[in-house]
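These are the residues of each chain, in order.
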Amino acid sequence: MSSLTDQNAWKKLTSHYASIQSKHLREFFDSDNQRGQKFSLDACGIFLDYSKNRITGETIDLLLDLARESKLPERIEAMMTGEKINITEDRAVLHTALRAPRDAEIIVDGENIVPEVHAVLDKMSSFCDSITSGDWTGHTGKPIRNIVNVGIGGSDLGPVMAYEALKHYANRDLTFRFVSNVDGTDFVEATADLNADETLFIIASKTFTTQETMTNAHSAREWLLKNLGADQSAVAKHFVALSTNADEVSKFGIDTDNMFGFWDWVGGRYSMDSAIGLSTMLAIGPDGFREMLAGFREMDEHYRTAPLEKNLPVLLGLLTVWYTDFFGAQTTAVLPYDQYLKRFPAYLQQLTMESNGKSITLSGDHVDYDTSPIYWGEPGTNGQHSFYQLIHQGTHLIPCDFIAFAKSLNPIGDHHDKLTANVFAQGEALAMGKTRQQVLDEGTPEELAPHRVFEGNRPSNTLLIEKLTPAVLGKLVALYEHSVFTQGVIWQVNPFDQWGVELGKVLAKKIVPELQSSDQLQHDSSTNQLIERYRNLK
C-alpha cells in the first residue's frame, strides 16, 4: 500500500481543506436549511447528528474515497474472519468473536473458536448462579456478599466502567469494589469495611504475572488469611482467576476449576465482554450480560455490512482523521450526559490512545502525519462548570462527542429535560457562537464586548439514544472500538499491540530492588538522584 500522504484521496482532501478551512458553521447552516437532516444517520438505535462538523458533502465523499483507497472494507473483513492482522505479534484480532452467536463459525489456526467462547460464557453463567443463589460459600460457610475485582488496564477499566454504567440493573445484594493501582491505598480503601468471610476476589491477569495485579493479589491473600485466621486452603473458597496460566493460578492457591480463560486474540482493552467481564455478569446477571453481548453484536454486524456512507463507526472514525490531520486538533472530548457513564471517557482513553498512539506504520516506516488525538471528558453537566470554558473560548480546537438519552433511568421532576436542554444548547453554542454585534445588541458595554464574543465554529457530534441499557452499552463500546479500527486503517498503524507500555515496566522491575538496597546506581544522573533521595526519605 502506498504511503498515506501519497494517496490520491489524501491529496484531494488537502486541497479541499484549503478551500473550506475558513468557512464558518453559520455559513453552512444559513445556506442549507436541510443540513441537519442531510448529515444525520439513524442505525442500531443510535441517532447520530454530525451536521455541526466543518464539512460539506464533498468532504464526506473524499473521506469515503480515502477509506476505500485504504482498503477499509477489506481490512474489516480480514479482522472479522480471523486473519492475523496484528502482525507485530502474529495474532488474529477477534474481540468480535466474543459476542458471536452460538451457531457462528470463525476459524483460527484451523479450529472454530466459537464453541470455546460459549463454553466460557456458560461456565461464567453457572458460577454467577452459584454466587447469587448462595450455593457458593466461603471458608466459614457464609455466602458471598462482596466482590473485589483485582486487575489493571483493560482488566480494570472495562469492568469498572461497565459496573458504573449498568448500576441501575445491578444486584444490590452484592457489594462491588475494584482494585487496580499498585499504590497500597487502593487496596486498603477497597477492603476496609468488608468482612473477609463474605468476600470473593476476582484476580484478572492473562499471564498471572502482571506486577501491579499480582502485588495486589498477594496482599488480598494475606488480608484474607489474616482476617479469617485460616490456612492456605481457605484461598480456594475466596479467589477465582481470569487467566490462561494454569500453573501460576494453581501455585497461588486457586482451584483451576475456578479459572476462567480467554485467548491471545483478545487484547486487554477489547476484553470487557470476555471472562474479564465476570464481575459485570455477577452484577447484572447472565441474562443482562448476554443482552450486552447482543448489543455489541448488532454494532459489529452494522460495521461489517452497512455501506460506508451509512456506517456509524466509519463516519466517526473518518471525522477524527479529518480533524486530527487537517485541522491539527490534538484532542477529542467525549461528553456523556448520563451520570452512569461517568467512567466511559476514562475507558475510551485506553481504547483509543493505547490502540492508535503509534508513530510507526505497519510497514515499519515513521509516519509523517499525526495519529491518535488525546481522548478525555467528564459527564455533563459537571464539565460545563469546569473545562467547557476552554472549549468555547480557548485557543485549541476540540471536537466533541455529546452522548444523550431521551429517557432517564431515574426520572425526577424536570431534571432530565434540563439535562437534555444543556446537551443541545452546548452543541448549538459551540457551532454558532455569538458575534460582536449580537453582544452589543444585548446592551453590553463596548469595552466588555470582546470578552463576551464566542467565535463558534467548534465542531461536535451528538449521539441521541432512547435510554441506557446493557444492549446500548454494548453498542456504544463497539461503536468506538470500530471507530478506532477505522482510524488505524487510515493511519496504517497496528491498533492491537502496545509496545509503548513495556519499557517503563521493565525499568520499574529493575528499580524496585534498588529502592530496597544501598547498591551503587547506574542510571542517568536525574534518576540516580531521585532514587537516592527516596532511600534517604524512606
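Note that this is a predicted model, so its numbers are computed, not measured.

Calculation notes
- Residues numbered from 1 in each chain as written.
- Predicted model: local features only at pLDDT ≥ 70, side-chain atom pairs only at ≥ 80, totals over all residues.
- Heavy atoms only, no water.
- Helix = DSSP H or I, 4+ residues; strand = E, 2+ residues; numbered from the N terminus.
- Rg over C-alpha atoms; globule rule 2.2 N^0.38 Å.
- Buried < 20%, exposed > 50% of the residue type's maximum accessible area, 1.4 Å probe, protein only.
- Areas by Shrake-Rupley, 256 points an atom, 1.4 Å probe, with all protein chains shown as cover.
- Lys, Arg positive; Asp, Glu negative; His and termini not counted.
- Charge placed at Lys NZ, Arg CZ, Asp CG, Glu CD.
- Pairing = 2+ DSSP bridges.
- Contact = heavy atoms within 4.5 Å.
- Axes fitted to C-alpha atoms, helices over the stretch in contact; angles between N-to-C directions.
- Parallel < 35°, antiparallel > 145°, perpendicular 65-115°, else oblique.
- Phe/Tyr/Trp six-rings, centres within 6.5 Å; stacked < 30°, edge-to-face > 60°.
- Lys NZ or Arg CZ within 6 Å of the ring centre and 35° of its normal.
- Arc of directions from axis to C-beta.
- UniProt positions renumbered as here; feature names shortened; annotations may be inferred.
- Polar contact = N/O pair within 3.5 Å; in protein donor to acceptor, adjacent residues only side chain to side chain.
- Left-handed = near helix turned anticlockwise from the far one by under 90°.
- Core = buried A, V, L, I, M, F, W, Y, C linked by side-chain atoms within 4.5 Å.
- Salt bridge = Lys/Arg side-chain N within 4 Å of Asp/Glu carboxyl O.

A. Geometry of the overall build of the protein. When helices and strands are counted, the protein shows 20 helices and 13 strands. Relative to a compact globule of 538 residues, whose C-alpha radius of gyration would be 24 Å, the protein shows 25 Å and is just as compact. By residue count, 54% of the 538 residues in the protein fall in the buried class. Accessible area for the protein stands at about 23300 Å²; split by element, carbon and sulfur atoms hold 48% of it. Where the 48 positive side-chain charges of the protein centre and where its 71 negative ones centre are 2 Å apart.

B. Main features of the sheet that holds strand β7 (residues 199-204). Read across the open sheet, the five strands follow the order β6-β5-β7-β8-β9; overall the sheet is parallel. The sheet is open, and its two borders are formed by β6 (175-179) and β9 (259-260), each paired with just one other strand. Contacting β5 (146-150), β6, β7, β8 (239-242) and β9, helix α11 (residues 278-305) crosses the sheet at an angle of about 165° to β6.

C. Focus on the packing of helix α4 (residues 57-69) against helix α12 (residues 312-325). Their axes nearest at 10 Å, the elements α4 and α12 cross at an angle of 100°. Comparing their axes, α12 and α4 come out roughly perpendicular. For the pair α4 and α12, the contacting residues are Thr59, Ile60, Leu63, Leu64, Leu66 and Ala67 in the first and Val314, Leu315, Leu318, Val321 and Trp322 in the second.

D. Structural context of the packing of aromatic side chains. Applying the stated criterion across every chain, the model contains 26 aromatic pairs. When the ring of Phe485 is compared with that of Phe496, the centres are 5.8 Å apart and the planes differ by 35°; the resulting orientation is tilted. Of the two residues, Phe485 is situated in helix α18 (residues 470-491) and Phe496 in the loop between α18 and α19 (502-515); the sequence distance between them amounts to eleven residues. Note on Phe496: relative accessible area 9%, which makes it buried. Every member of this aromatic cluster is reached through a ring pair, and the members are Trp10, Tyr17, Trp322, Tyr323, Phe326, Phe327 and Tyr369. Above the ring of Phe252, the side-chain terminus of Arg221 is found at 4.5 Å from the ring centroid. Over the face of the ring belonging to Trp136 we find Lys237, whose NZ or CZ atom lies 5.1 Å from the ring centre.

E. How the structure looks around the pairing of strand β1 (residues 40-43). Bridge count between β1 and strand β2 (residues 46-49): four bridges; the pairing is antiparallel. What sits directly across from Ala43, in β2, is Ile46. The antiparallel hairpin formed by β1 and β2 contains two residues in its connecting segment, where Cys44 sits at a positive phi of about 55°.

F. Just helix α8 (residues 184-191), in detail. Of all the positions in α8, only Phe187, Ala190 and Thr191 are classed as buried. In a view along the axis of α8, the buried residues occupy a sector of 85°, so they form one face of it. Contact partners of the buried residues in α8: β6, β7 and α9 (211-228).

G. Seen up close, the UniProt feature "active site" (unreviewed entry) in the protein. Here the UniProt-annotated "active site" (unreviewed entry) positions come out as Glu354, His385 and Lys505. An extended arrangement is adopted by the annotated residues: their sequence extent is 152 residues, and the largest C-alpha distance between any two is 37.0 Å. Among the structural elements, Glu354 can be located in helix α13 (residues 344-356). With residues near it in sequence (within four places) discarded, Glu354 still touches Arg269, Gln349, Asp497, Gln498 and Val501. A polar contact of 2.8 Å, which involves the side chain of Glu354, links it to the side chain of Arg269. Tracing the sequence through the fold places Lys505 in helix α19.

H. Looking closely at the packing of helix α7 (residues 154-165) against α13. Where α7 meets α13, the axes come as close as 9 Å, and the angle between the chain directions of the two elements is 150°. Relative to α13, the element α7 is oriented roughly antiparallel. By crossing handedness, the relation of α7 to α13 is classed as left-handed. Counting all contacts with α7, which are made through Gly154, Leu157, Gly158 and Met161, the residues of α13 involved are Phe344, Ala346, Tyr347 and Gln350.

I. The sheet that holds strand β11 (residues 374-376), seen in detail. Strands sit in the order β1-β2-β13-β12-β10-β11 across an open sheet of six strands; the sheet is mixed. The open sheet is flanked by β1 and β11, the only strands paired with a single partner. Ignoring which end each strand starts from, the neighbouring axes of this sheet average 15° apart. Here strand β10 (residues 331-336) runs beside β11; their pairing, made up of three bridges, is parallel. The residue of β11 that forms the bridge with Ala333 is Trp376.

J. Summary view of the nonpolar core. In this structure, Trp265, Leu278, Trp322, Phe344, Leu473 and Leu476 are the most contacted members of the largest nonpolar core, which totals 126 residues. With sequence-adjacent residues up to four places away left out, Trp265 is seen in contact with Ala92, Val93, Leu94, His95, Ala97, Leu98, Val108, Ile113 and Val117.

K. Highlighting the environment of Thr320. Structurally, the position occupied by Thr320 is in helix α12. On the accessibility criterion, Thr320 (11% relative accessible area) is buried. Remark: the alpha-carbon pair of Thr320 and Gln487, spanning 167 residues in sequence, is separated by 7.4 Å. Setting aside its immediate chain neighbours within four residues, Thr320 contacts Pro373, Tyr375, Gln487 and Trp491.

L. Region of interest: the side chain of Thr324. Counting through the fold element by element, Thr324 comes out in helix α12. Reaching out from Thr324, the side chain makes a polar contact with the backbone oxygen of Thr320 at a distance of 2.7 Å.

M. Structural view of the environment of Glu309. Inspection of the secondary structure puts Glu309 in the loop between α11 and α12. C-alpha of Glu309 to C-alpha of Asp61: the two residues are 248 residues apart in sequence and 8.2 Å apart in space. In contact with Glu309, other than residues within four places in its own chain, are Leu64, Arg68 and Leu315.

N. The pattern of salt bridges, seen in detail. Counting across every chain of the model gives 24 salt bridges. A salt bridge links Glu455 to Arg458; the shortest N-O distance between them is 3.1 Å. Here the salt bridges do not stand alone but share partners, grouping Arg99, Asp273, Asp300 and Glu481 into one network.

O. Geometry of the side chain of Arg35. Here Arg35 is to be found in helix α3 (residues 35-38). For Arg35, which is buried and forms no salt bridge, the nearest opposite charge comes from Asp32, at a distance of 6.0 Å. Here the side chain of Arg35 touches Asn53 through a polar contact of 2.8 Å, landing on its backbone oxygen. A polar contact is formed between the side chain of Arg35 and the backbone oxygen of Ile55, at a distance of 2.9 Å. Excluding its chain neighbours within four sequence positions, the residues that come into contact with Arg35 are Leu25, Phe28, Phe29, Ser51, Asn53 and Ile55.

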